[in-house]
Every structure is written in C-alpha cells, then in structure tokens.
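Summary of structural features
What follows is the residue order along each chain.
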Amino acid sequence: MNHKYAIGLDYGTESGRAVLVNLADGTEVAEHVTPYPHSVIDEELPESGIRLGYEWALQHPSDYLEVLKRSVPEVMRASGVNPADVIGIGIDFTACTILPIDGEGKPLCWHPELKDNPHSWVKLWKHHAAQEEANRLNEIAEERGETFLPRYGGKISSEWMIAKVWQVLNEAPEIYERTDRFVEATDWVVSQLTGSIRRNSCTAGYKSIWHKQEGYPSRDFFRSLDPRLEDLTETKLRGEVVPLGSRAGGLTEEMAEALGLQAGTAVAVGNVDAHAAVAGVGVVTPGKLVMAMGTSICHMLLASQEKSVEGMCGVVEDGIIPGYFGYEAGQSAVGDIFAWFVEQGVPAYVLEAAAKENISVHEWLEKRASAYRPGETGLLALDWWNGNRSVLVDTELSGLIVGYSLLTKPEEVYRTLLEATAFGTRKIVEAFHDNGLEVQELYACGGLPQRNRLLMQIYADVTNREIKIADSKQTPALGAAMFGAVAAGVENGGYDSLVEAAQNMARVREERFKPIPENVAVYNRLYEEYNRLHDYFGRGANDVMKRLKAIREEARH
Ligand SMILES: Nc1ncnc2c1ncn2[C@@H]1O[C@H](COP(=O)(O)OP(=O)(O)O)[C@@H](O)[C@H]1O
Ligand SMILES: O=C(CO)[C@@H](O)[C@@H](O)COP(=O)(O)O
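None of these values were measured; they are calculated from a predicted model. (Residues numbered from 1 in each chain as written. Chains lettered and ligands numbered in written order. Predicted model: local features only at pLDDT ≥ 70, side-chain atom pairs only at ≥ 80, totals over all residues. Heavy atoms only, no water.)

A separate point is helix α10 (residues 335-345). Inspection of α10 places G335, I337, F338, F341 and V342 among the buried residues, and these make up the whole buried set. Down the axis of α10, the buried set is contained in an arc of 165 degrees. They therefore lie on one face. For α10, the exposed residues set more than 90 degrees away from the buried face come down to E343 and Q344. On its buried face, α10 sits against α12 (361-369), α13 (410-434), α14 (447-451) and α15 (453-463). (Buried < 20%, exposed > 50% of the residue type's maximum accessible area, 1.4 Å probe, protein only. Helix = DSSP H or I, 4+ residues; strand = E, 2+ residues; numbered from the N terminus. Arc of directions from axis to C-beta. Contact = heavy atoms within 4.5 Å.)

Here it is, written out as structure tokens:
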C-alpha cells in the first residue's frame, strides 16, 4: 500500500519540531527538534547587547526558518519517505507571537538600521510590557460598551495583538511607521513556505479581536484609543482572514528545494499550538476540556452555543474545530514556575542528590513530594509567577506562598507549586461549568503529562475529574499534520474534514488518572483557602502585588 504522509511543525517557546505522520493511522514516523539558537530574548538584544525592559520577551525570526531547514530534511532523511508521498504541511505556533514586517514580508529586525530597536523584533506571547496599553484599551472599551468585550471574558490581554501594536506605536513610532504589516508568527512562517500572507481565523479571532460576522472593532473604537490607530485594521492588519482547515497555498520551488519536499505541496493556514492539540487528542465534540500543558497551560473547550464566561481568553466560531464555538482560557505560567523553582530555589544538596541518582531535579523533587499526603505540607500558593491569564486577566499579579516554617523542605515547596497550578485550573473549569458549558472530562497533552505523574494525579484530585492523556508526545504537531492533511484534501490522499482526520489519526493512552476520594476531600478544603487568597489579592481588596511592582519600577530607574 502506498502510504501518504503529512508534516506537522510545532513552534513552542524554546524550540520548534517537525513530525512526519502517516495519514492512515496517525503513526509518527520521524521527529526532529531544533532548539531556537537565540532562545527567548528577555535580557538583551543579540549582537548589540541593548538591555530590554523588565517584562519583555522577544524572539529572532531567523530561528523559525532554522527549524524548517534543519528539522524537515532530518525527518525526511530519518524516515526514508519519498517526498512525493508527503502531501501536506501544517503549522502550529505559540500565540500571540507577532512581528512587524516590511512590504516584502521581511522582518524589520533584519534591517541593519532597525535591528538595534527592540520594537523591530518578534514579540513573544509572554511579552508582558504592554499592560498599560491593555488597561487603557479595556477602560475605553468598557466605557464605550463595546460588544466584543464579553467574547473575551470582559478583558483584552496585554499578550495580544492590539496592546502589543499600540506599545510599538507609543514607544517606537518610527518602527510603527516603517511597518507594512504586523503579522502573527504562525502566518509569517506559512508565508515563507507559500510566498503569500494569509491570516488565519484562529489567531485573528482569539488574539486580534476579529469576529466571523462583525470583523474587527470599528474605526471609531481605534480612533478613541489613539487617532493614529484609526486605520490600523485596513492598513497594518490588512489581509483576508482565512478559516482554519483551509489551504494557504503550495510550497514554493525555493522552499521545496531547501526542505527536500515537492514544490506545490499543500500548506495549511497557520494555527496555534494549543488549538492544534485539540484535534491531536481526537476531541471533536463538546464537554471535553483539553489542557495543553507545558510552560503554560491553555484550556480549550468546544460548544454549540456562544456564552460569556468570566476571564476566558475568547470564544471564536470555528476557532478550534470547524462547526463549533471554540473556547479558550489559560494559565500564563505552569511548567515555567516549576522551572523557576528548580533553577532558582533549590539548595545545592538537592542538585547533588539528583545528580547522584542520575535523575533530573524535577524527578528528584517529584519523587520526594509524592511521599506527602494532600495538606501535609501546610503550605498554599497562588500560581501567579507570570501574572494571571484566567479568570482575572491581569499580568501585574505575582506569586505568593503562605505557610513557610523553619522546617519547610524544597520538595514541599515543589508540591505546593504543583498544587497551586491545579487550583488555577480548577478555577477555570468551574468558570466554564458554572456558566452552562459542561466539563465532563479532561484531556491532557503537552510536555508535562508525560513527565510528571504526581502532577497529573493532583490535577485529577483537585478538579475531581478523570484525566485522559494524549498518546502522542507531540500532540500539537500531530494536530498540525491533520490540518495539513485536510489542506491537501481527499483527492490527494488526505482528508475531507478535520473530524475525519481526527477519527483516523488521534489516540489517547489506555491509562487514565482517576480522582482519589480522600484526596478530593482535602483538596476541596484547600481550594476554599485558595479561593480566599485569590479574591483577596486578585480582586482589589489588597493590591500589594501591584504596589510592589510599582516600587520596583521606581527603584530600577
Ligand atoms: N519532570 C517535570 N515535572 C514538571 N515540569 C517539568 C518536568 N520536566 C520539565 N518540566 C517543565 O516543562 C516545561 C516544558 O514543557 P514543554 O511542553 O516541553 O514545552 P513548551 O510549553 O515550550 O511546548 C518547562 O517549563 C519545564 O520546567
Ligand atoms: O497562549 C497560547 C495559545 O493561545 C500559547 O501559545 C502560549 O500559552 C504558549 O504555549 P506553550 O506553553 O509554549 O505551549
């Protein structure tokens, strides 16, 4: 039998990977990861060493091309598959990760005369320096009674397109002026493959306030933000918005040669990592919440109706799986918090003990932390090390741990951080469920479920729900490959619809994490305490976290 294949390209926060997938059953035939040579640029610009502000997070667009040029030929070489049998390519990316480009599609930071200006670079999803713009945008939208606000849980995030673009305008008007278009990185990479820019409906909907029926907010709204933004959507955000699952174009001759594929191979319109993962775990119906668990968590849910839910990131028609309203919520740091603790918070004896046992520090801490019963540490944390995405939508909030004593051990703190992120997820699950969007079961994918069993048991206990785990280690890439297969179409050996692709290609593991009743009971009590802290520090009763940030800013200048 002559098998057909698609390549899924998954662009994460630290690295990008290519996965070659057999379209008959979703088998991942070969995969290759390329760490971004410049990683996350959050302290100083490459070469010039120009210092960046506190909440900045940039990337180098050349790193994205490096992923294509290293990882695609590598999966082709390793698999030995004939390029003629690779019929589609799909891409998923972190979002909202944006860059300013010139009229030829070239990133502004590639221009020697602009590269020393930090605003000419890619702003990564976790760039949080546009909070002032986001606050102002939300105030104005609320005053004007803008109807788009409820679709975004009442607040537009500083992580998203309009706040980031407005920051460029405020702080570097010359860069704004030179920008022909601001584009999502996912659309830019697709344009590098096909030769033309097509904006995808997913990032347009979730991150750029675009609506299938209503389009972008009015000129009047943008003028009320800043008269210079009045024509933003017709100029620097211009471009047809194309539904997810469509074909963006065919691979150019030049790219085909560089990647070892055939020119004309179907390329799907860009997608978001977490969103591609929903198809990747085979969820194509309502009631199943998918958690893409990595440096952050994105929570995705399908429904047949549009409802308002506090603090959700957005509801977009056809935004995840065509035919449904797709809901997204999230936590802006999860694995990142554990990484922070491992890198900054553990004493030397832990590092030595882990090295002696030949396991990672995470594994060492997990093993020790597993010996504790829920509640036994006496500690409780608020998981806001990178602000709060849902349900408070406030990047100015920060982390907190209560209950330290002279006896507190590193593994207890680690366990507390795992638990805090689980409480953050429960808050999101309840926000959906209490607003009439039922959440019956949880599906988990991403790097964390594969690496930390204690974490997954805690999530099952805290949410009191069974969790199914994706079989694939590369679920977003598998999902992206499905979009590639749909872009190619059944006539080329692909699929007619995403539902069909998911039915044939997606898998979850047999093993499930089930809630343990006695743990659930203790976590219910701890969650009440979490909720009290959450509302006290997060809803204005005590803005100490914001005051501390303001004092820090003053001290730094
Ligand atoms: N054993 C572990 N337990 C908990 N977290 C871990 C473990 N190993 C790695 N991590 C965290 O996983 C995160 C990376 O997740 P991954 O899904 O691979 O990346 P991304 O979110 O960039 O796609 C990092 O933040 C890291 O701290
Ligand atoms: O916000 C989104 C999607 O909307 C993510 O791209 C962002 O949180 C980054 O995800 P990762 O943690 O890198 O998987």
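Still to come is the rest of the account.
Relative orientation of the contacting elements helix α2 (residues 131-143) and helix α3 (residues 161-171) amounts to 115 degrees, with a least axis distance of 8 Å. In this structure, the crossing between α2 and α3 has a hand that is right-handed. For the pair formed by α2 and α3, the contact residues are E133, A134, R136 and L137 on the first element and I162, A163, W166, Q167 and N170 on the second. Grouping the amino acids of the contact of α2 with α3 by side-chain chemistry returns five nonpolar, two polar and two charged. (Axes fitted to C-alpha atoms, helices over the stretch in contact; angles between N-to-C directions. Left-handed = near helix turned anticlockwise from the far one by under 90°. Nonpolar A, V, L, I, M, F, W, Y, C, P; charged D, E, K, R; others polar.)

Strand order in the open sheet formed by seven strands is β16-β17-β15-β14-β20-β21-β22, with mixed pairing between adjacent strands. Two strands in the sheet have a free side with no partner beyond their single neighbour: β16 (314-317) and β22 (508-513). On average, adjacent strands in this sheet sit at an angle of 25 degrees to one another, irrespective of strand direction. Pairing geometry for strand β20 (residues 441-445) and strand β21 (residues 467-470), over three bridges, is parallel. For Y443, the partnering residue across the bridge sits in β21 and is K468. Lying on the sheet, α13 is in contact with β14 (288-293), β15 (297-303), β17 (325-331) and β20; it crosses β17 at an angle near 155 degrees. Against the sheet, α15 engages β14, β15, β20, β21 and β22, with an angle of about 65 degrees to β22. (Pairing = 2+ DSSP bridges.)

Moving on: the pairing of strand β3 (residues 28-35). Two elements, strand β2 (residues 15-22) and β3, share seven bridges in a ladder whose sense is antiparallel. Residue pairing for β3: A18 is matched across the bridge by H32.

What follows concerns the UniProt feature "domain: Carbohydrate kinase FGGY C-terminal" (unreviewed entry) in the protein chain. Within the UniProt annotation, "domain: Carbohydrate kinase FGGY C-terminal" (unreviewed entry) is assigned to residues 290-488. Between the end C-alpha atoms of residues 290-488 there is a gap of 26 Å, over a span that is 43% helix and 19% strand. (UniProt positions renumbered as here; feature names shortened; annotations may be inferred.)

The next point concerns the site of ligand 2. Around ligand 2 sit T13, T94, A95, W125, K207, V272, D273, T295, S296, C298, E328 and R389, and that is every residue in its neighbourhood. Separating an oxygen atom of ligand 2 from a side-chain N or O atom of D273 is a distance of 2.8 Å. A distance of 2.5 Å separates an oxygen atom of ligand 2 from a polar side-chain atom of T295. Relative to its unbound accessible area of 380 Å², ligand 2 is 92% covered by the protein chains. Among the residues making up the shell around ligand 2, the classes are represented as four nonpolar, four polar and four charged. (Near = heavy atom within 4 Å. Polar contact = N/O pair within 3.5 Å; in protein donor to acceptor, adjacent residues only side chain to side chain. Areas by Shrake-Rupley, 256 points an atom, 1.4 Å probe, with all protein chains shown as cover.)

A separate point is the confidence of the model for the protein chain. Residues with a pLDDT of 70 or more make up 100% of the protein chain, whose mean pLDDT is 96. With a pTM of 0.89, the predicted complex shows an ipTM of 0.93. (pLDDT = per-residue confidence, 0-100.)

Turning to the packing of aromatic side chains, a few remarks are in order. Under the criterion given, the structure shown has 19 aromatic pairs. With a centroid separation of 6.0 Å and 75 degrees between ring planes, the pair formed by F423 and Y523 is classed as edge-to-face. Here F423 is found in helix α13, whereas its partner Y523 is found in helix α18 (residues 517-538), with 100 residues between them in sequence. The two residues F423 and Y523 agree in class, both being buried. Site record: aromatic cluster; members linked through ring pairs are F338, W340, F341, W385 and Y414. (Phe/Tyr/Trp six-rings, centres within 6.5 Å; stacked < 30°, edge-to-face > 60°.)

At a minimum axis distance of 9 Å, the contact between helix α16 (residues 475-488) and helix α17 (residues 498-505) shows a crossing angle of 130 degrees. It follows that α16 is oblique to α17 by the angle criterion. For the crossing formed where α16 meets α17, the hand is right-handed. In this structure, α16 uses L478, M482, F483 and V486 to contact α17, whose residues at the interface are L498, A501, A502 and M505. (Parallel < 35°, antiparallel > 145°, perpendicular 65-115°, else oblique.)

Going from A95 to C96, the amide bond is cis rather than trans, its omega being 5 degrees. Here C96 is to be found in the loop between β5 (86-93) and β6 (98-101). For the peptide bond that leads from S390 to V391, omega is 5 degrees, which places it in the cis range. Locating V391 in the fold gives a position in the loop between β18 (380-382) and β19 (400-402). A positive phi angle, near 50 degrees, is found at S39, a position not held by glycine. Inspection of the secondary structure assignment puts S39 in the loop between β3 and β4 (58-59). Relative accessible area serves as the criterion here: at 26%, S39 is assigned to the partly exposed category. Positive phi outside glycine occurs at V393, with the angle close to 50 degrees. Positionally, V393 belongs in the loop between β18 and β19. V393 gets classed as buried once you look at its relative accessible area, which sits at 13%.

Before going further, it helps to spend a moment on the site of ligand 1. Close to ligand 1 lie 14 residues; T295, G335, A339, G447 and N452 are nearest. Within the side chain of R451, a nitrogen or oxygen atom sits 3.2 Å from an oxygen atom of ligand 1. For ligand 1, the protein covers 80% of the area, taking 590 Å² as the surface of the free molecule. Among the secondary structure elements, those contributing two or more residues to the shell around ligand 1 are α10 and α14. Looking at the shell around ligand 1 element by element, the count peaks at four residues for α10. Residue classes in the shell around ligand 1 are distributed as five nonpolar, seven polar and two charged.

Turning to the pattern of salt bridges, a few remarks are in order. Applying the stated criterion across every chain yields a total of 42 salt bridges. In this structure, K4 engages D85 in a salt bridge whose closest nitrogen and oxygen atoms are separated by 3.1 Å. Taken together, the residues K4 in the segment before β1 (5-11) and D85 in the loop between α1 (61-79) and β5 connect sequence positions 81 residues apart. Residue classification places K4 among the partly exposed residues on the basis of a relative accessible area of 23%. Overall, the relative accessible area of 13% leaves D85 in the buried class. D318 is the salt-bridge partner of K212, the closest N and O atoms lying 2.6 Å from each other. Taken as a pair, K212 in the loop between α6 (201-207) and α7 (219-225) and D318 in the loop between β16 and β17 lie far apart in primary sequence, 106 residues in all. On the accessibility criterion, K212 (43% relative accessible area) is partly exposed. (Salt bridge = Lys/Arg side-chain N within 4 Å of Asp/Glu carboxyl O.)

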